[in-house]
Amino acid sequence: MNWADTIIQGVLLGGLYALFAAGLSLVFGIMRLVNLAHGDLIVMGAFLILLLTSALGLNPFLAAALALPVMFALGFALQYLVLNRTLGDDILPPLLVTFGLSVVIQNGLLQGFSADSRRISAGSLETASLQAGPFSIGTMPLLTFLSAIGVIVALNLLFYRTSLGRAFRATSDDSVTAGLMGIRSERIFATATGIAMMVVTIAALYLGTRANFDPTQGPARLIYAFEAVIIGGLGSFWGTLAGGIIIGVAQTLGAAINPEWQILSGHIAFLVVLLVRPRGLFPRAVD
Amino acid sequence: MALLETHGLTAFYGDFQALFGVDLVLEEGETVAVIGANGAGKSTLLRSISGLLRNAPGHIRYDNADIGALCAPDVVRLGIAMVPEGRKLFPSLSVEENLLIGRYGRSGSGAWTLEAIYDLFPVLKERRASPGTALSGGQQQMVAIGRALMSNPRVLLCDEISLGLAPVVVKDIYAAFPRIRANGASIVIIEQDIGQALKVADRFYCMMEGRVTLSGKPDTVSREEIHAAYFGAHTP
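Throughout what follows, the structure given in this document is the object of discussion.

**Remarks on the overall build of chain B**
Now for step 1: Counting its regular elements, chain B contains ten helices and ten strands.
Now for step 2: With the C-alpha coordinates of chain B rotated into their principal frame, the extents come out at 55 × 40 × 35 Å.
Now for step 3: Within chain B, the proportion of its 236 residues that are buried is 47%.
Now for step 4: Taking the contacts inside chain B whose residues are at least 6 apart along the sequence as the reference set, 67% of them involve residues at least 24 apart.

**Digging into the overall build of chain A**
Now for step 1: When you go through chain A residue by residue, the secondary structure sums to eleven helices and two strands.
Now for step 2: For chain A, the N- to C-terminal ordering of α and β elements is α-α-α-α-β-β-α-α-α-α-α-α-α.
Now for step 3: Compactness check: chain A gives a C-alpha radius of gyration of 19 Å against a globular reference of 19 Å for 287 residues, within 12% of the reference.
Now for step 4: By principal-axis analysis of the C-alpha atoms, chain A measures approximately 60 × 50 × 35 Å.
Now for step 5: When burial is assessed residue by residue, chain A has 51% of its 287 residues classed as buried.
Now for step 6: A sequence separation of at least 24 residues applies to 75% of the contacts in chain A between residues at least 6 apart.

**Focus on the nonpolar core**
Now for step 1: Counting residues in hydrophobic clusters, the biggest one holds 154 residues, and the most contacted among them are A:Leu19, A:Ile49 and A:Val199.
Now for step 2: Ignoring any residue separated from it by four or fewer positions in sequence, one finds A:Val199 in contact with A:Leu19, A:Ala22, A:Gly23, A:Leu26 and A:Val151.

**With respect to the sheet that holds strand 10 (residues 211–216) of chain B**
Residues and elements named next belong to chain B.
Now for step 1: Across the sheet, six strands lie side by side as 6-7-8-3-9-10; this open sheet has mixed pairing. Edge positions in the sheet fall to strand 6 (80–83) and strand 10, since each of these pairs with one other strand and no more. Neighbour-to-neighbour, the strand axes of this sheet turn through a mean angle of 20 degrees, independent of strand direction.
Now for step 2: Sheet strands touched by helix 1 (residues 42–50): strand 3 (31–36), strand 6, strand 7 (155–159), strand 8 (186–191) and strand 9 (203–208). Its angle to strand 7, the strand with the most contacts, is close to 145 degrees.
Now for step 3: Packed onto the sheet, helix 10 (residues 223–231) meets strand 3, strand 9 and strand 10 and runs at close to 40 degrees relative to strand 9.

**Notes on the packing of helix 2 (residues 38–56) of chain A against helix 9 (residues 218–232) of chain A**
Residue and element names in this part refer to chain A.
Now for step 1: The geometry of helix 2 relative to helix 9 is characterised by a closest axis approach of 7 Å and an angle of 120 degrees between their N-to-C directions. On the basis of their axis angle, the class for helix 2 and helix 9 is oblique. The interaxial crossing formed by helix 2 with helix 9 has right-handed handedness. Residues His38, Gly39, Asp40, Ile42 and Val43 of helix 2 form the contact with helix 9, whose own contacting residues are Gly218, Pro219, Ala220, Arg221, Leu222 and Ala225.
Now for step 2: Residues of the contact of helix 2 with helix 9, tallied by class, amount to six nonpolar, three polar and two charged.

**Remarks on the environment of B:Cys71**
Now for step 1: Among the structural elements, B:Cys71 can be located in the loop between strand 5 (65–66) and helix 2 (72–78).
Now for step 2: By C-beta crowding, B:Cys71 is classed as partly exposed, having 13 other C-beta atoms within 10 Å.

**A look at the pairing of strand 1 (residues 129–132) of chain A**
All names here are of chain A.
Now for step 1: Across four bridges, strand 1 lies against strand 2 (residues 135–138) in antiparallel orientation. Counted as the bridge partner of Ala132 is Phe135 from strand 2.
Now for step 2: The turn linking strand 1 back onto strand 2 is made up of two residues, and Gly133 within it adopts a positive phi angle of 60 degrees.

**Some details on the sheet that holds strand 5 of chain B**
Residue and element names in this part refer to chain B.
Now for step 1: Strand order in the open sheet formed by four strands is 2-1-4-5, with antiparallel pairing between adjacent strands. This sheet does not close on itself; its edge strands, each paired only once, are strand 2 (16–26) and strand 5.
Now for step 2: Sheet topology note: the strand 1 (residues 4–13)/strand 4 (residues 60–62) ladder contains three bridges and is antiparallel. Bridge pairing links Glu5 to Arg61 in strand 4.
Now for step 3: In this fold helix 1 packs onto strand 1, strand 2 and strand 4, with an angle of close to 70 degrees to the strand it touches most, strand 2.

**Concerning unusual backbone geometry**
Now for step 1: For A:Arg32, which is not glycine, the phi torsion reads 55 degrees and is therefore positive.
Now for step 2: Position of A:Arg32 relative to the elements: it lies in the loop between helix 1 (3–31) and helix 2.
Now for step 3: The exposure class assigned to A:Arg32 is partly exposed, which follows from the 14 C-beta atoms found within 10 Å.
Now for step 4: Positive phi values are uncommon outside glycine, yet B:Asn64 reaches one of about 65 degrees.

**A look at the interface of chain B and chain A**
Now for step 1: Counting residues at the interface gives 22 residues for chain B and 17 residues for chain A.
Now for step 2: Mapped onto the side of chain B that touches chain A, the elements with two or more residues apiece are helix 2 and helix 3 (95–100) of chain B.
Now for step 3: No other element matches the four residues that helix 2 of chain B contributes to the side of chain B that touches chain A.
Now for step 4: For the side of chain B that touches chain A, the class distribution of residues is 13 nonpolar, five polar and four charged.

**Brief notes about helix 3 (residues 60–82) of chain A**
Now for step 1: Where helix 3 of chain A bends most, the angle comes to about 30 degrees, and this point is A:Ala67, followed within four residues by the proline A:Pro69.
Now for step 2: Within helix 3 of chain A, burial applies to A:Pro60, A:Ala63, A:Ala64, A:Ala67, A:Met71, A:Leu74, A:Gly75, A:Leu78 and A:Gln79.

**A word on helix 4 (residues 92–113) of chain A**
All names here are of chain A.
Now for step 1: Spanning 22 residues, helix 4 covers 31 Å between terminal C-alpha atoms, matching the ideal 32 Å at 1.5 Å per step.
Now for step 2: Buried within helix 4 we find Pro94, Thr98, Ser102, Gln106 and Leu109. The buried residues of helix 4 occupy an angular sector of 110 degrees when the element is viewed end-on, so they sit on one face. Those residues of helix 4 that are exposed and angled more than 90 degrees off the buried face are Leu92, Leu96, Gly100, Val103, Val104 and Gln111.
Now for step 3: Elements that come into contact with the buried residues of helix 4 comprise helix 2 and helix 9.

Conventions adopted
- Residues numbered from 1 in each chain as written.
- Chains lettered and ligands numbered in written order.
- Predicted model: local features only at pLDDT ≥ 70, side-chain atom pairs only at ≥ 80, totals over all residues.
- Helix = DSSP H or I, 4+ residues; strand = E, 2+ residues; numbered from the N terminus.
- Buried ≥ 20, exposed ≤ 12 C-beta atoms within 10 Å, placed from the backbone.
- Contact = placed C-beta atoms within 7 Å.
- Rg over C-alpha atoms; globule rule 2.2 N^0.38 Å.
- Core = buried A, V, L, I, M, F, W, Y, C linked by C-beta atoms within 7 Å.
- Pairing = 2+ DSSP bridges.
- Axes fitted to C-alpha atoms, helices over the stretch in contact; angles between N-to-C directions.
- Parallel < 35°, antiparallel > 145°, perpendicular 65-115°, else oblique.
- Left-handed = near helix turned anticlockwise from the far one by under 90°.
- Nonpolar A, V, L, I, M, F, W, Y, C, P; charged D, E, K, R; others polar.
- Bend = angle between axes of the 7 residues up to and from the residue.
- Expected span 1.5 Å × (residues − 1).
- Arc of directions from axis to C-beta.

Interpretation note: all reported values are geometric properties and have no functional meaning in isolation.
Given below as structure tokens:
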């Protein structure tokens with residue numbers, strides 16, 4: 001067995017988990033909203049891409065690009081019309097509403113697409129690989145990882161270099177005073193969820209091309225995403241990437257020792273990090 | 001027609017009534033001070049004007065429009081900016097970002113730019129990259145004032161600027177007011193520090209228990225009258 005190879009595969013898998021987690025991290029960082037339907041939204045995104053590829057005969061990447069604005073609009077509307085009403089001092093309403101949303105999405109998908117497990121075909125890319133010295137690296141996993149880095153870089157630029165990003169952080173700090181700056185927090189929150197849904201679409205593309213998916217898979221994606229966010233420290237995008245990588249590496253290492261240990265070792269790694277650093281690896285200084 | 005007027009303004013926090021028919025007038029180019037003890041309703045008055053508290057539409061008129069019922073972002077857009085009590089800088093933002101966010105809703109077409117603010121408060125330029133909350137109290141107050149000015153407001157509302165600051169620092173900050181006025185802003189200042197407020201104001205209102213008890217020009221009213229209106233003591 002080749003340890004270095006296993007770790008490389010784990011890092012690449014971590015990119016996928018970071019993609020699952022980035023949208024969750026964004027939404028939580030700005031409005032302290034834990035979206036329990038996040039995993040189901042990813043699966044829904046995958047079905048949307050599947051629909052576009054099969055109905056229009058599009059390449060999955062093109063289909064995902066088409067899905068981006070649709071998902072943004074959906075996220076904006078979801079936050080503006082539904083989730084904004086749940087925000088307040090009490091943290092229970094958003095949890096209950098997003099939990100309900102999760103059930104609704106799962107059953108809606110079941111109705112619309114049946115319980116069959118599906119897959120988005122990426123053609124010859126699925127089996128393509130690059131040879132780097134002694135290591136063989138799959139093109140799709142590499143693309144997934146690079147996309148994750150691209151998403152994290154883009155979110156950081158948005159957050160720390162733009163006027164919208166300043167408004168995100170200011171609203172997160174103090175939405176009342178932000179109002180005195182002319183910032184409408186309802187719209188800021190809706191925009192944030194819209195952007196999170198664009199990240200969800202990218203995650204959905206790689207979820208759907210990497211393996212089979214079915215309407216019930218959302219909650220498991222949510223767990224990985226949640227663990228990655230917590231490991232990284234709430235509110236830090238690079239931390240989220242690190243969290244994803246830690247879970248990915250732990251899972252592939254566990255699977256290399258014994259295939260039954262794959263899922264378990266990811267969760268154990270999460271618990272160990274929580275034990276050592278309860279606030280995560282890179283918690284935001286202000287909180 | 002005055003730039004900003006309140007007509008019989010009432011304000012409530014739930015069942016609790018904080019203002020009982022306040023009439024205030026602010027003319028273009030004027031600086032007006034509102035003084036009064038703790039709980040007199042001064043802050044409620046500013047919160048009402050700035051849109052943090054919603055009121056009946058006609059209770060507040062600005063530029064010939066009813067603005068009483070507007071929310072804070074709408075009020076800022078019309079050109080009324082507020083320096084909130086306790087400064088309320090955004091801890092996640094640097095000094096410069098705190099200033100820049102002041103023009104998020106409105107940048108206006110006035111003299112106030114980032115450079116102009118740094119020229120007004122040079123110390124902020126040195127600290128531009130620090131987190132806003134790492135500054136001293138006086139410097140934080142400068143950021144809060146600069147942040148409000150970045151929207152090039154026609155009306156600047158200042159809530160308890162001197163609160164918790166050393167007198168020498170307060171003097172430094174008030175030294176900036178002539179330039180703020182020269183650039184065309186009309187100003188409402190709320191102060192517990194009567195001396196400081198009357199020094200910069202053209203006119204003043206004294207409030208007690210949600211009502212205006214005295215108003216006039218600083219040099220035409222005696223100390224005794226102000227004390228009576230401030231504390232509610234009956235002058236013989």
